[in-house]
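A structural walkthrough
Each chain is listed here by its residues.
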Amino acid sequence: MEAVSLMAPELLLAAQTLIVVVMSLFVKGEKQADVMRWIAIAVLVAFALIGFVLGRPQGTAFNGLLKVDDFGHYAKLIIGLTAALALVFTKSYFKAEKLDRFEFSVLMIYAVLGMSIMVSANNLLALYIGLELQALALYIMAAFNRDSLRSSEAGLKYFVLGALSSGLLLYGTSMIYGFTGHLDFAGIASVIETGGVNGGLVAGMVFMMCGLAFKISAAPFHMWTPDVYEGSPTPITGFFASAPKFAAMALIARLLFGPLEGMFDQWQQIVAALALVSMYVGAIGALSQRNIKRLMAYSSIANMGYALVPLAAGTVFGLKGMLIFMTIYVISSIGIFAAILQMRIRNGMVEQISDLSGLSQTNRPMALVLTVFFFSLMGIPPLLGFFGKLFAFWPAVEAGLWWLVVAALVASVIGAFYYLRVIKTMWFDEPAQDFVESPRSLRWITTGSALTLLLLFALPFISIPAQSLLDSAAAALF
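Residues numbered from 1 in each chain as written. Predicted model: local features only at pLDDT ≥ 70, side-chain atom pairs only at ≥ 80, totals over all residues. Heavy atoms only, no water.

Another point: the packing of aromatic side chains. Tallied over the full model, the rule gives 21 aromatic pairs. Taking 6.0 Å as the distance between ring centres and 75° as the angle between the ring planes, the aromatic pair formed by Y306 and F393 counts as edge-to-face. Note that Y306 is positioned in helix α15 (residues 292–313) and F393 in helix α19 (residues 384–398), a separation of 87 residues in sequence. When sorted by exposure, Y306 lands in the same class as F393, which is buried. Through a chain of ring-to-ring contacts, three or more aromatic side chains come together here, namely Y139, Y158, F159, F214, W224 and F240. Sitting over the ring of F144, R101 keeps its end group 5.0 Å from the ring centre. (Phe/Tyr/Trp six-rings, centres within 6.5 Å; stacked < 30°, edge-to-face > 60°. Helix = DSSP H or I, 4+ residues; strand = E, 2+ residues; numbered from the N terminus. Buried < 20%, exposed > 50% of the residue type's maximum accessible area, 1.4 Å probe, protein only. Lys NZ or Arg CZ within 6 Å of the ring centre and 35° of its normal.)

Let's shift gears to the layout of surface pockets. Here the idea is plain: a probe the size of a water molecule rolls over the atoms and shows the empty space left. The calculated volume of the second largest pocket comes to roughly 300 Å³. Taken together, 16 residues form the lining of the second largest pocket, with G379, F386, K389, F393 and L409 sitting closest to its centre. Among the secondary structure elements, those contributing two or more residues to the lining of the second largest pocket are α19 and α20 (402–428). When grouped by side-chain class, the residues that make up the lining of the second largest pocket number 13 nonpolar, two polar and one charged. (1 Å grid on protein atoms, 1.4 Å probe; cavity = no way out; pocket = protein on both sides within 12 Å on 5 of 7 lines; lining within 4 Å. Points joined across faces, edges and corners; volume = space filled by probe spheres on them. Nonpolar A, V, L, I, M, F, W, Y, C, P; charged D, E, K, R; others polar.)

Positionally, Q352 belongs in the loop between β4 (348–349) and α17 (359–362). For Q352, a relative accessible area of 32% puts it in the partly exposed group. For the pair formed by Q352 and R290, sequence separation is 62 residues and the distance between their alpha carbons is 5.9 Å. In this structure Q352 touches R290, N291 and M343, once residues within four positions along its chain are discounted. (Contact = heavy atoms within 4.5 Å.)

In this section: the UniProt feature "domain: NADH:quinone oxidoreductase/Mrp antiporter transmembrane" (unreviewed entry) in the protein chain. When the UniProt feature table is mapped onto this chain, "domain: NADH:quinone oxidoreductase/Mrp antiporter transmembrane" (unreviewed entry) is found at residues 121–415. Span residues 121–415 is 76% helix and 1% strand, its end C-alpha atoms 34 Å apart. (UniProt positions renumbered as here; feature names shortened; annotations may be inferred.)

Here we come to the environment of R150. Counting through the fold element by element, R150 comes out in helix α8 (residues 149–180). In this structure the C-alpha to C-alpha distance between R150 and S232, which are 82 residues apart in sequence, comes to 7.2 Å. When near neighbours in sequence (up to four residues on either side) are disregarded, R150 contacts E230, G231 and E351.

Once that is clear, we can look at the pattern of salt bridges. Enumeration over the complete set of coordinates arrives at 17 salt bridges. With its nearest N and O atoms 3.1 Å apart, the salt bridge here joins K95 to D100. Taken together, the shared-partner salt bridges in this structure form one network comprising R150, E153, K157, D227, E230, K293, R294 and E351. (Salt bridge = Lys/Arg side-chain N within 4 Å of Asp/Glu carboxyl O.)

This part covers empty space enclosed by the protein. Under the counting rule described, the total for this entry stands at five cavities of 30 Å³ or more. One number sums up the size of the largest cavity: a volume of about 80 Å³. Lining the largest cavity are Q134, A135, L138, Y158, K215, W224, F240, P244, K245 and A248. Elements represented by at least two residues in the lining of the largest cavity include exactly α7 (124–142) and α13 (243–256). Each residue belonging to the lining of the largest cavity can be placed in one class, and the counts come to seven nonpolar, one polar and two charged. Roughly 70 Å³ of internal volume is contained in the second largest cavity. At the level of elements, α16 (316–340), α18 (364–378) and α19 are the ones that each hand at least two residues to the lining of the second largest cavity. Here the lining of the second largest cavity is built from residues that sort into four nonpolar, four polar and one charged.

What follows is the structure in structure tokens.
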């Protein structure tokens, strides 16, 4: 029974994929995709909460392949709720584009199952299995619109470059196994602690970090991001920008603060370099973008750089800062892409920044919530994004990484320009066109996300338990 309680989230998802496939044989017609979607949403919410309902069990499962702790419980909470929201806002888009098929719900559950294994990995083999299970589902999702040349191209680029990153990761994994003789994290950590660090271990760690940097769109492994974001169906792009990034960042944290903790002096330099390059590639690359999805792609590259800054500190406070920043970033991303999905005119979807011209005159509520999101991403107080950057940069200051924090602040100033350009387009340009009325579910998601960014820090009955949960999640890796 203990093993069942430890693995309840993963068992729930694995069983549900089989149930959904079998049920699809009996539910036919137009309601098939709807029924499967709502079942999947319910399962994902249950997946997010089941660890807390069972009292946050702790331990290892499958002979130590997976580790269940507060860090994993928190990561699964964010991933499950984000995936459920992503499924909610696929409905109207898929129906309008005639893409509404039940297989997408199955792919979503498989992707979340892979992420769940990633954030609980306690063994290099489990790490790779979880990563590939997630990746294979995401490749198909990117190319889900088979009749669209852009979508097919996005899926192909994602697959080819993803295969390259998997090769780098697997090569690094094989080197670490070869030089330590262990696949389990505890064994690797013990060998590094007692035997010291050698060139082979450093090379293996570098290859692994290169493979994982691809998963979070960290520069210079970001080349797939703008094309995949632009070519994939918009609700799928919104999902790519949130849950998979959080899961990959959680996996990097578990790897660095677990088996590779004894190599802190080596990996700190790599993490700091990835952070620095990502911040400036994202900030400068976004300046010339005219498509809002490509803009958000470069924005995500920069934000992954900001998220790596606290990890470079190598402290519990730094790990907590990363979790806070990534949580706020996920909320912002979901809200922004729900707003982008409302950019529909009578002839179909539009994606150009210029299409938002005069939005404050034609749809003031949408202009207000988008302004909140962009101000939050800029880090303007008192929005939650300000506290996200504060908790991301302060651990690096305490660790003496002043140069990295100053570089991050300069990159934030550069980034403010392209966010302000969108805000200026909405509030000061002449109206270009009216958007058709959007589904109520999308309006709820955008409004709810904006209110969270505005009010969460001021609600002690939410913020105090959240701080306690984040403290225990960060401490679990130490």
